[in-house]
Every structure is written in structure tokens, then in C-alpha cells.
Amino acid sequence: MDNNYDVIIIGAGPAGLTAGVYAGRAGLKTAILEYEAPGGKMIKTDEICNYPGVDNVGGVDLSMKMFEHATAYGATYLYGEVTAIADEGEYKRITASGQEYFAHVVIVATGTNERTLGFSKDDELLGKGLSYCAVCDGAFFRDKDVVVIGGGNSALEESVYLTQFANKVDLVIRRDVFRGDESNQRQVLNNPKINVIRKHIPTDYVVKDGKIGGMQFENLETGEKTVIEAQGVFPYIGAIPATSFLQGHEGVLDEEGYMIVDAHLQTNIPGVFGAGDVIQKNLRQIVTATSDGAITAQNAFHFIQDLKSKA
């Protein structure tokens, strides 16, 4: 089979690319299957300051270094969106963009997608003032007012990032305390361009001439409705694991869609592993994703060695 591999890694974020490095170094015929640019969320991050040994690096730069490292050891980079995985015993069959690939081991490292606000115009307003990536779109809002929704690290970091372009940033959280790290909180609270609004939830977009004109909020204590005029809205309210292609495999996903893995990062399907943000875990960071990638690739090597010894 031309599309036959030892290992197929689905997803080219830090977990998938690290798995590619380790699988290639182990001498495994390896493919990395991705439908976007390599790097995952790293390419949407302006600066990365918490990767060990690197004081400060651009997200795109780190993505390309990992990509080049993985392919230097022989990993083939394939483009395609995975829609199904079938367990056929010794081989797993992966369907992606109309193509079929086969591998002894599949490492799923597909990460997560941003959670939307759930309003009727979410899709319609995307790119018309609504964005989920400040690094991608921040420059479009130079000298304009923007709203950031969320109290976690992503919301805090992106609020600070947007201040280099925006006239004003209203950061709206549903509680009276942040969920993000203390260092990120300090940066937000010490930035004169950021106005923090607590105990409010969004209720709908304000649309003007087919574009974002602001956001309507409700005060959770009083029930009072308030409109904040803005030309940009950036929601950072959590993420959804990219695992729809695994639905139907009993016991592989939890109720939220994250992968259930054992101490070896293997699912209940022998030869199917999970790595990075897509699995159940407490901390989702680049460094934990790279750790997962290394572990899964090593375990893939041992899994394939056992298969060959029984052949």
C-alpha cells in the first residue's frame, strides 16, 4: 500500500511535531497529517515566554523550527482533514479529505477549537469585527475600541496584546476574579488602556451596517443591560476538543470530547494514542504537549516492535 506507514500523527501542533521528531529518530516510517499550517495554536501566538531555555520566541518562529526538526528526521507532511479512523487490527485506516491512509499506530494530536458565544450571528460576523485571534487580526483594530470576553490566561494575554493597536480594551468577565495567572493579571491591571468589567455576561452582538458595532451585556447582580460600543469583539471562553472523527468509538472520549488515555497515553483501542491539549489533563501548555508527543512516539515504537515480534 502506497499510503502505508508505521505511524500517522494527526495534528501538527507542538505535540504532533514532537512526536514526529521522536518517531523519525526511532526509524519509524512516519507521516504527520494536518489540514492547516504547522504549529497549531503556536502560530496564533505573538510571543512565547515560558518555553524552557528560550526567553522569548515568536509563535511562528517556534512552529517552523519544530516543523523543520520533524521533517529533518524523515516525517512526511500530508495535507488533509481527518473524518474517520477505523480499527482493522494490525492496521488503522484513516480517512482524510477523500484519501485513505494506513498505519500500525495513530497518534491523535489535534488540539482544540475556540468555543463560540453561541449567538445566531457568530458565523455571519466572523471577520466583520468578530475574531478569535488577536495576533492574527489585532492590527485591523488600530485606534479602535475592542471588547475581550473571558477571565482566563488567553483573555488576559490577548487583552494586553491588543493594547498596542486598540484605542481602548474592555475586558469583561462573568465573575469578580480572574482565572488566569497572577503575572497576567498584573499586566492587565497595570495597563491604562484596559478597562475591566466584572460580573457581566454577553447577551448579543450590536450590529451596525453588517459589522460589529458593540456588544450587549447583562449585569449578573442587577440584571441591568448595558451596551459597550466597540468595533471588535474577541471571545476567549474556552475550547472544544477536535475529536469529532473519534465519535462512535466507545470509551475513547469523555463527556466533553477529550480523549481518555492511560499512563502510556494510549486509548482503549490498541495502537491509538492521544497527545497534547486533546487529552484529559490539568495543564495545557506547549511544554506539556511536547512531553506528550515524545512519550507517545516512544510508546508507538515499542508497540510496533511487539507487533513485529509476534508476526
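Data block above holds the structure.
Here's what I pulled together on the structure shown here. (Residues numbered from 1 in each chain as written. Predicted model: local features only at pLDDT ≥ 70, side-chain atom pairs only at ≥ 80, totals over all residues. Heavy atoms only, no water.)

### Regarding the packing of helix H1 (residues 14–25) against helix H2 (residues 59–72)
Just so we agree on the cut-off: Lines fitted to C-alpha atoms define the axes, with helix axes restricted to the stretch in contact, and inter-axis angles between N-to-C directions lie between 0 and 180 degrees. Secondary structure elements are defined from DSSP: runs of H or I of at least 4 residues count as helices, runs of E of at least 2 residues count as strands, and each element is numbered from the N terminus. Just so you know how the angles are binned, under 35 degrees is roughly parallel, over 145 roughly antiparallel, 65 to 115 roughly perpendicular, and the rest oblique. The hand of a helix crossing depends on one turn: near helix anticlockwise from the far one by less than a right angle means left-handed, and clockwise means right-handed. Residues count as neighbours in contact if any of their non-hydrogen atoms are within 4.5 Å of one another.
H2 packs onto H1 with a crossing angle of 30° between their chain directions and a minimal axis gap of 8 Å. When the axes of H1 and H2 are compared, the pair comes out roughly parallel. Crossing of H1 over H2 shows left-handed handedness. Each of Pro 14, Leu 17, Gly 20 and Val 21 in H1 lies in contact with H2, whose residues at this interface are Ser 63, Met 66, Phe 67, His 69 and Ala 70.

### Digging into the packing of aromatic side chains
Note the cut-off: Between the rings of Phe, Tyr and Trp (Trp by its six-membered ring), a pair exists once the centres lie within 6.5 Å; its type follows the angle of the planes, with under 30 degrees stacked, over 60 edge-to-face, and the other angles tilted. Note on classification: 1.4 Å probe, protein chains only; a residue is buried when its accessible area is under 20% of the maximum for its type, exposed when over 50%, partly exposed between these limits. Placement of a positive charge over a ring is assigned whenever Lys NZ or Arg CZ falls within 6 Å of the ring centre and within 35 degrees of the normal to the ring plane.
Inspection of the entire model under this criterion finds 6 aromatic pairs. Between the aromatic rings of Phe 273 and Phe 303, the centroid separation amounts to 6.5 Å while the plane-to-plane angle is 90°, which identifies the pairing as edge-to-face. With Phe 273 in strand S18 (residues 272–274) and Phe 303 in helix H6 (residues 286–310), this pair connects stretches of sequence that are 30 residues apart. Here Phe 273 and Phe 303 have matching classes, each one buried. One aromatic cluster is present, built from ring pairs that chain together Phe 67, Tyr 77 and Tyr 79. Across the ring face of Tyr 5, the terminal group of Lys 29 is positioned such that the distance to the ring centre comes to 5.0 Å.

### Section: the sheet that holds strand S12 (residues 194–197)
Definition in use: At least two DSSP bridges between two strands are needed for those strands to be called paired.
Spatially, the 4 strands line up as an open sheet ordered S12-S11-S10-S16, and their pairing is parallel. With partners counted over all chains shown, the strands left at the sheet margins are S12 and strand S16 (232–235), one partner each. Adjacent strand axes in the sheet meet at a mean angle of 20°, parallel and antiparallel pairs treated alike. As defined by bridge partners, strand S10 (residues 145–149) adjoins strand S11 (residues 168–172) across 5 bridges and the pair is classed as parallel. Counted as the bridge partner of Val 146 is Val 169 from S11.

### A few points about the sheet that holds strand S14 (residues 211–219)
Judged by pairing direction, the sheet is antiparallel, and its 3 strands sit side by side in the order S13-S14-S15 without closing on themselves. Since the sheet does not close on itself, it has two edges, and those belong to strand S13 (200–208) and strand S15 (225–229), each with one partner. If you compare each strand with its neighbour and ignore which way they point, the axes differ by 30° on average.

### Things to note about the side chain of Gln 266
Considering the arrangement of structural elements, one finds Gln 266 in the loop between strand S17 (239–241) and S18. Judged by its relative accessible area of 17%, Gln 266 is buried. Filtering out sequence-adjacent residues up to four positions away, Gln 266 remains in contact with Ile 260, Val 261, Gly 271, Val 272, Phe 273 and Phe 303.

### Observations concerning the pairing of strand S7 (residues 91–96)
Every regular strand shows the same layout, with side chains that alternate between the two sheet faces. In terms of residue burial, S7 counts as a mostly covered element, since 5 of its 6 residues are buried. Inspection of the sheet shows strand S6 (residues 82–88) paired to S7 by 6 bridges, in the antiparallel sense. Each bridged residue has a counterpart across the sheet, and for Asp 87 the counterpart in S7 is Lys 92. Where S6 hands over to S7, the hairpin turn is made up of 2 residues, of which Gly 89 adopts a positive phi near 80°. Relative to strand S8 (residues 99–108), S7 runs antiparallel, the two being bridged by 5 bridges. The residue bridging Arg 93 from the neighbouring strand is Phe 102, located in S8. Linking S7 back to S8 in an antiparallel pair, the connection comprises 2 residues, with Ser 97 at a positive phi of about 50°.

### Observations regarding the pattern of salt bridges
Inclusion rule: The rule for a salt bridge is simple: a side-chain nitrogen of Lys or Arg has to be within 4 Å of a carboxyl oxygen of Asp or Glu.
Scanning the entire structure with this criterion turns up 8 salt bridges. Between Lys 168 and Asp 170 there is a salt bridge, with the nearest N and O atoms lying 3.4 Å from each other. Accessibility expressed as a relative area gives 33% for Lys 168, which makes it partly exposed. With relative accessibility at 2%, the residue Asp 170 sits in the buried group. Ionic pairing is found between Glu 221 and Lys 199, a salt bridge with its closest N-O pair at 2.7 Å. Highlighted residues: Glu 221 in the loop between S14 and S15 and Lys 199 in the loop between S12 and S13, separated in sequence by 22 residues. Residue class for Lys 199 comes out partly exposed when judged on its relative accessible area of 26%.

The quantities given are spatial measurements derived from coordinates; they are silent on function.
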